[in-house]
Amino acid sequence: MDLRYLAKLYKSEMDLLARERRQHPPQEILVPMKFPLSIPKVKSEILEVKKDDWVVRQVKEKSWKGHILHPFDVSQMRKDFLSLKHQKSELLTFLNKYGWWGSDEPIPVSDFWELQELILTALCLGPKGRGQLLSRRMFKGLPGPLSVQFVASFQYEDGKPKFVIETEGCMHALVASVQIDLAQERKYRHCARPGCEEIFEVKKREKTHHSPHCQTLHAMQRYRDRKRQRMAKIKGRKARVE
Ligand SMILES: [Zn+2]
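Residues numbered from 1 in each chain as written. Predicted model: local features only at pLDDT ≥ 70, side-chain atom pairs only at ≥ 80, totals over all residues.

1. Considering the pairing of strand 7 (residues 151-157)
It is a general feature of regular strands that their side chains alternate between the two faces of the sheet. Rules: To assign burial, the other C-beta atoms lying within 10 Å of each residue's own C-beta are counted, with C-beta atoms placed from the backbone; 20 or more indicates buried, 12 or fewer indicates exposed, and intermediate counts indicate partly exposed. Under the scheme used here, helices are H or I runs from DSSP no shorter than 4 residues and strands are E runs no shorter than 2 residues, and both carry numbers assigned from the N terminus. Whether two strands pair depends on DSSP finding at least two bridges between them.
Counted residue by residue, strand 7 has zero buried out of seven residues, so it is predominantly exposed. Looking at chain direction, strand 7 and strand 8 (residues 160-166) are connected through seven bridges and run antiparallel. Residue pairing in the sheet places Gln-155 in a bridge with Lys-162 of strand 8. Hairpin connection between strand 7 and strand 8: a loop of two residues separates the two successive antiparallel strands, and Asp-158 in this loop has a positive phi of roughly 50°.

Laid out in structure tokens, this is it:
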């Protein structure tokens, strides 16, 4: 078949589709959304599959206990996750505290650190950048690296219709927390002290450090730097005089 003919056929199909999409845009409605964040407790272990190649393996308990979903504080969980120091023992403590990550397959330990980096980056971006990372169609229809597909079910609770989003494990809960933050227009910023990895929620525009202690440390650092520069200048002058 002629290639040009095929290309023409494809274009006319796409034009028709675009017209239909314009005629029938998706409906937008405002209803409360609920994220019941609860996770089953599991046994986690970290294994070396090859030299320096570590994976996390989680096993759900087969008895009724393995099906119990434990509610937790997602903002505390995210704080704990983001402050993990890339150590396997810390990761294991985290997983033993919160439970199911969300995969029956072994998960490379490096995946956890990549997600940590991605969430830290996402939180400090503006709404558009954050939205793109979370979106299913970030760039030319491709999903963003933080895009997760949730199942939303309709429920009628306390005299109101609601959509309830089910999360399956820690990973989904972490992504859901970033979505919730974006929907609630929360802003974050990196701490201004060089070497400090913390981020903090921007409530007052002028706040630059994650804690008063960190601000004092930074002020002392700057004072010492200025003193060092002054001393270097004086030494330079003396050397020129001699
Ligand atoms: Zn800090």
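2. Looking at the pairing of strand 3 (residues 42-50)
Relative to strand 4 (residues 53-60), strand 3 runs antiparallel, the two sharing eight bridges. Residue pairing across strands places Ser-44 opposite Gln-58, the latter belonging to strand 4. Between the end of strand 3 and the start of strand 4, which pair antiparallel, lie two residues, with Asp-52 showing a positive phi angle near 60°.

3. Points about the sheet that holds strand 4
Here is the rule: What counts as a contact here is a pair of residues whose C-beta atoms, placed from the backbone, lie within 7 Å. A fitted line through C-alpha atoms represents every axis, and for helices the fit uses only the stretch in contact; the resulting angles, taken between N-to-C directions, go from 0 to 180 degrees.
Pairing is antiparallel across the open sheet formed by three strands, whose spatial order is 3-4-6. Strands at the two margins of the open sheet, each flanked by one partner only, are strand 3 and strand 6 (107-108). Relative to strand 3, helix 3 (residues 88-98) is tilted by about 150°, and along the sheet it contacts strand 3 and strand 4.

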